[in-house]
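Structural overview for review
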Amino acid sequence: MSDIGSAAPDFSLTNRDGEIRTLAQFRGAPVVLVFFPFAFSPICTDELCHLQDHTDTFEEFGATVLCVSTDSHHCLDAFARQESYDFEMLSDHWPHGEVARRYGVFDEQEGCARRHTITVDSQGVVRDVSAADMTESRSWERLRTVLENLPRS
């Protein structure tokens, strides 16, 4: 798992529109990496709907939300359109789970990302890592406090 205080591993992933996104391109502002197991699953849908309903929190702190799963970008596009998600959804489909593995959140048995939230500051440093069980929704209350306490650039 990523260590707090360490540099967040950079990556190049395909977004739902088939465009490449890197972590480095978001440098200069906080990034919240939301790793989730499966598009269209009930818990993941509820969690991402919560994020969509609370975009004002991220806007308040100038943070970008990047949701990452091992689903294909085509699947993520269908999921985002069905649920009207406005945030970036990134596919870690191929090589399967490579980024989730670099962040230490890949579940080898299930073949997907585990339910983790990793907050990266504007300089690319991991400032918080939180996790929830695969079968339970994550708690979002902590995230606001983490964003409030990030060092200002």
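Remember, predicted model here, so these are calculated numbers, not experimental data.

For the rest of this paragraph, the subject is the overall build of the protein. The number of helices and strands found in the protein is five helices and nine strands. Each helix and strand of the protein, ordered N terminal to C terminal, gives the series β-β-β-α-α-β-α-β-α-β-β-β-β-α. By the compact-globule yardstick of 15 Å for 153 residues, the protein fits well, its C-alpha radius of gyration being 14 Å. Projected onto its principal axes, the C-alpha positions of the protein cover 35 × 30 × 30 Å. In the protein, which comprises 153 residues, the share counted as buried stands at 52%. When contacts within the protein are restricted to residue pairs at least 6 apart in sequence, those whose partners lie at least 24 apart make up 65%. When the accessible area of the protein is evaluated, it comes to approximately 7,300 Å², of which 47% is carbon and sulfur surface. The distance from the centre of the 13 positive side-chain charges to the centre of the 26 negative ones in the protein is 5 Å.

Okay, empty space enclosed by the protein next. Considering all chains together, one arrives at one cavity of 30 Å³ or more under this definition. Approximately 40 Å³ is the volume attributed to the largest cavity. What lines the largest cavity is Leu-23, Phe-26, Arg-27, Ala-29, Val-31, Val-120, Asp-121, Ser-122 and Gly-124. Grouping the amino acids of the lining of the largest cavity by side-chain chemistry returns five nonpolar, two polar and two charged.

A few words now on the UniProt feature "active site" (unreviewed entry) in the protein. UniProt's entry tags Cys-44 with the feature "active site" (unreviewed entry), counted in the numbering of this structure. The residue Cys-44 is located in helix 1 (residues 42-53) in this model. Exposure remark for Cys-44: the relative accessible area of 1% places this residue in the buried category. Dropping the residues within four chain positions of it, Cys-44 is found in contact with Phe-36, Pro-37, Phe-38, Tyr-85 and Arg-115.

Turning to the side chain of Glu-88, a few remarks are in order. Mapped onto the fold, Glu-88 is located in strand 5 (residues 88-91). Setting aside residues no more than four positions away along its own chain, Glu-88 makes contact with Asn-15, Arg-21, Val-65, Leu-66 and Cys-67.

Taken as a whole and assessed by the stated rule, the structure comprises six aromatic pairs. With 5.0 Å between their ring centres and 50 degrees between their planes, Phe-40 and Phe-79 make a pair best called tilted. With Phe-40 in the loop between strand 3 (31-35) and helix 1 and Phe-79 in helix 3 (residues 73-83), this pair connects stretches of sequence that are 39 residues apart. Judged by its relative accessible area of 36%, Phe-40 is partly exposed. Taking 5.2 Å as the distance between ring centres and 85 degrees as the angle between the ring planes, the aromatic pair formed by Phe-79 and Tyr-85 counts as edge-to-face. Each member of the pair Phe-79 and Tyr-85 is classed as buried. Within the aromatic cluster, the residues linked to one another by ring pairs are Phe-36, Phe-40, Phe-79, Tyr-85 and Phe-87. Above the plane of the ring of Phe-106 lies Arg-101, whose end atom (NZ or CZ) is 4.0 Å from the centre.

Criteria and thresholds
Residues numbered from 1 in each chain as written. Predicted model: local features only at pLDDT ≥ 70, side-chain atom pairs only at ≥ 80, totals over all residues. Heavy atoms only, no water. Helix = DSSP H or I, 4+ residues; strand = E, 2+ residues; numbered from the N terminus. Rg over C-alpha atoms; globule rule 2.2 N^0.38 Å. Buried < 20%, exposed > 50% of the residue type's maximum accessible area, 1.4 Å probe, protein only. Contact = heavy atoms within 4.5 Å. Areas by Shrake-Rupley, 256 points an atom, 1.4 Å probe, with all protein chains shown as cover. Lys, Arg positive; Asp, Glu negative; His and termini not counted. Charge placed at Lys NZ, Arg CZ, Asp CG, Glu CD. 1 Å grid on protein atoms, 1.4 Å probe; cavity = no way out; pocket = protein on both sides within 12 Å on 5 of 7 lines; lining within 4 Å. Points joined across faces, edges and corners; volume = space filled by probe spheres on them. Nonpolar A, V, L, I, M, F, W, Y, C, P; charged D, E, K, R; others polar. UniProt positions renumbered as here; feature names shortened; annotations may be inferred. Phe/Tyr/Trp six-rings, centres within 6.5 Å; stacked < 30°, edge-to-face > 60°. Lys NZ or Arg CZ within 6 Å of the ring centre and 35° of its normal.

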